[in-house]
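Each chain, written out:
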Amino acid sequence: GAVVSQHPSWVICKSGTSVKIECRSLDFQATTMFWYRQFPKQSLMLMATSNEGSKATYEQGVEKDKFLINHASLTLSTLTVTSAHPEDSSFYICSAREQGLAGGPLYTDTQYFGPGTRLTVL
Amino acid sequence: AQSVTQPDIHITVSEGASLELRCNYSYGATPYLFWYVQSPGQGLQLLLKYFSGDTLVQGIKGFEAEFKRSQSSFNLRKPSVHWSDAAEYFCAVRLASGGSYIPTFGRGTSLIVHP
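Residue numbers restart at each chain and count upward from 1, following the sequence in its written direction. The lettering of chains begins at A and the numbering of ligands begins at 1, in the order of writing. With the structure being a predicted model, the display of local features is reserved for residues of pLDDT at least 70 and the display and counting of side-chain atom pairs for 80 or more, all residues being used for whole-chain, interface and lining totals. Side-chain descriptors were evaluated using all non-hydrogen atoms of the structure, hydrogens and water having been removed beforehand.

Chemist: Would you mind showing me how to read the overall build of chain A here?
Modeler: Scanning chain A from N- to C-terminus turns up zero helices and 11 strands. In this description a helix means any DSSP run of H or I spanning at least four residues, a strand means any run of E spanning at least two, and both kinds are numbered starting from the N terminus. For chain A, the sequential pattern of α-helices and β-strands runs β-β-β-β-β-β-β-β-β-β-β. Atoms counted for the radius of gyration: C-alpha only. Globule rule: 2.2 Å times residue count to the power 0.38. Over its C-alpha trace chain A gives a radius of gyration of 14 Å, about what one expects of a compact globule, namely 14 Å for 122 residues. Classification of residues uses two cut-offs on accessible area relative to the type maximum, computed with a 1.4 Å probe and protein chains only: under 20% is buried, over 50% is exposed, and between them is partly exposed. Buried residues in chain A amount to 52% of all 122 residues. Contacts in chain A between residues far apart in sequence, at least 24 positions, make up 56% of those at least 6 positions apart. Throughout, the Shrake-Rupley method with a 1.4 Å probe supplies accessible areas, and for residues the shown protein chains are the sole cover considered. Surface exposure of chain A reaches about 6,100 Å², of which carbon and sulfur atoms provide 55%. Note on charges: Lys and Arg go in the positive column, Asp and Glu in the negative column, and His and the chain ends are not counted at all. Charge positions are represented by NZ for Lys, CZ for Arg, CG for Asp and CD for Glu. Within chain A, the 10 negative side-chain charges are centred at a point lying 6 Å from the centre of the 10 positive side-chain charges. Contact between two residues is taken to exist if any of their heavy atoms lie within 4.5 Å; hydrogens are not considered.

Laid out in structure tokens, this is it:
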């Protein structure tokens, strides 16, 4: 259980184009998903928190107009990199928060990560 | 401020040897603690987590971790390392209740396994 998928796993695009990355929780509902960016040999940098049915919360320094996030359902969040440039090339990872019922035997409150998307902008 | 420290950037061990990866945290309240592993070009896989109860937790792939409140540590251990364990390991900490439920990640420790 607790599987998160991402699509595509890699993408190459020309500078100025937009790229959409999908993140899906396959066997649980996730009211909250997260988008991270990871540079080589570095830790994850949280970009934004995506809440189902509401606007995403962006971390300081992340351009919300450039990185559009939509969390239209309890199992799907999308990240669109608009007008991509070479400096946007990176490894993007999403995660989904599995909660279960607070206080119940199945309570987990754990983030599960997708396999990541390698974006290369030429 | 809340922080997570993984003091070792790289750890090199021989296959079959024991392993301990260190993680220290600075939090003002009871934390939830996690260890994740990332293979090259992949996402993060949850190895184990500690919420409460027994301070020695067992995870997947033969890993275990011990929560030591007095030392603010949550070190990851494995008695015998396999070559397939070579990867990047991340410790993550978040508040158990109140405040932000978003975890803070350490910078990671790269495990190199020699045959």
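Next comes the rest of the account.
Chemist: Can you help me understand the sheet that holds strand E1 (residues 4-7) of chain A in this one?
Modeler: Residue and element names in this part refer to chain A. Pairs of strands are assigned from DSSP output, requiring at least two bridges between the strands. Reading across the sheet, the four strands line up as E1-E3-E8-E7 and stay open at both edges, with antiparallel pairing between neighbours. The sheet is open, and its two borders are formed by E1 and strand E7 (67-73), each paired with just one other strand. Sheet twist, expressed as the mean angle between neighbouring strand axes with direction ignored, is 15°. Pairing of E7 with strand E8 (residues 76-81) involves five bridges; the strand directions are antiparallel. Bridge assignment links Ile69 to a residue of E8, and that residue is Leu79. Angles shown run from 0 to 180 degrees and are taken between the N-to-C directions of axes, each axis being a line fitted to C-alpha atoms and, for helices, limited to the stretch in contact.

Chemist: Explain the interface of chain B and chain A here, please?
Modeler: How big an interface is tends to be stated in terms of the accessible area lost upon association of its parts. Taken together, the 19 residues of chain B in the interface contact 23 residues of chain A. Note on definitions: buried area is the accessible-area loss of two parts on being combined, 1.4 Å probe, summed for both. Overall, the association of chain B and chain A removes approximately 1,600 Å² of surface from exposure, summing both partners, and the carbon and sulfur fraction of that is 56%. Looking at the side of chain B facing chain A, the largest losses of area belong to B:Leu44, B:Tyr101 and B:Ile102, adding up to 30% of the total buried there. We count a salt bridge whenever a side-chain nitrogen from Lys or Arg sits within 4 Å of a carboxyl oxygen from Asp or Glu. For the interface between chain B and chain A, the tally reads zero salt bridges. Any pair of N or O atoms that falls within 3.5 Å is considered a polar contact. Within protein, one atom must be able to donate a hydrogen and the other to accept it, and sequence-neighbouring residues count only if both atoms are side-chain atoms. Scanning the region where chain B abuts chain A turns up five residue pairs in polar contact (both at pLDDT 80 or more). Going through the elements one at a time, strand E5 (31-38), strand E6 (44-50) and strand E10 (87-95) of chain B are the ones with two or more residues in the side of chain B that touches chain A. A per-element tally of the side of chain B that touches chain A places E5(B) first, with four residues. Tallied by class, residues from the side of chain B that touches chain A come to 11 nonpolar, five polar and three charged. Side-chain classes follow a simple rule in which Ala, Val, Leu, Ile, Met, Phe, Trp, Tyr, Cys and Pro form the nonpolar group, Asp, Glu, Lys and Arg form the charged group, and the remainder, Gly included, forms the polar group.

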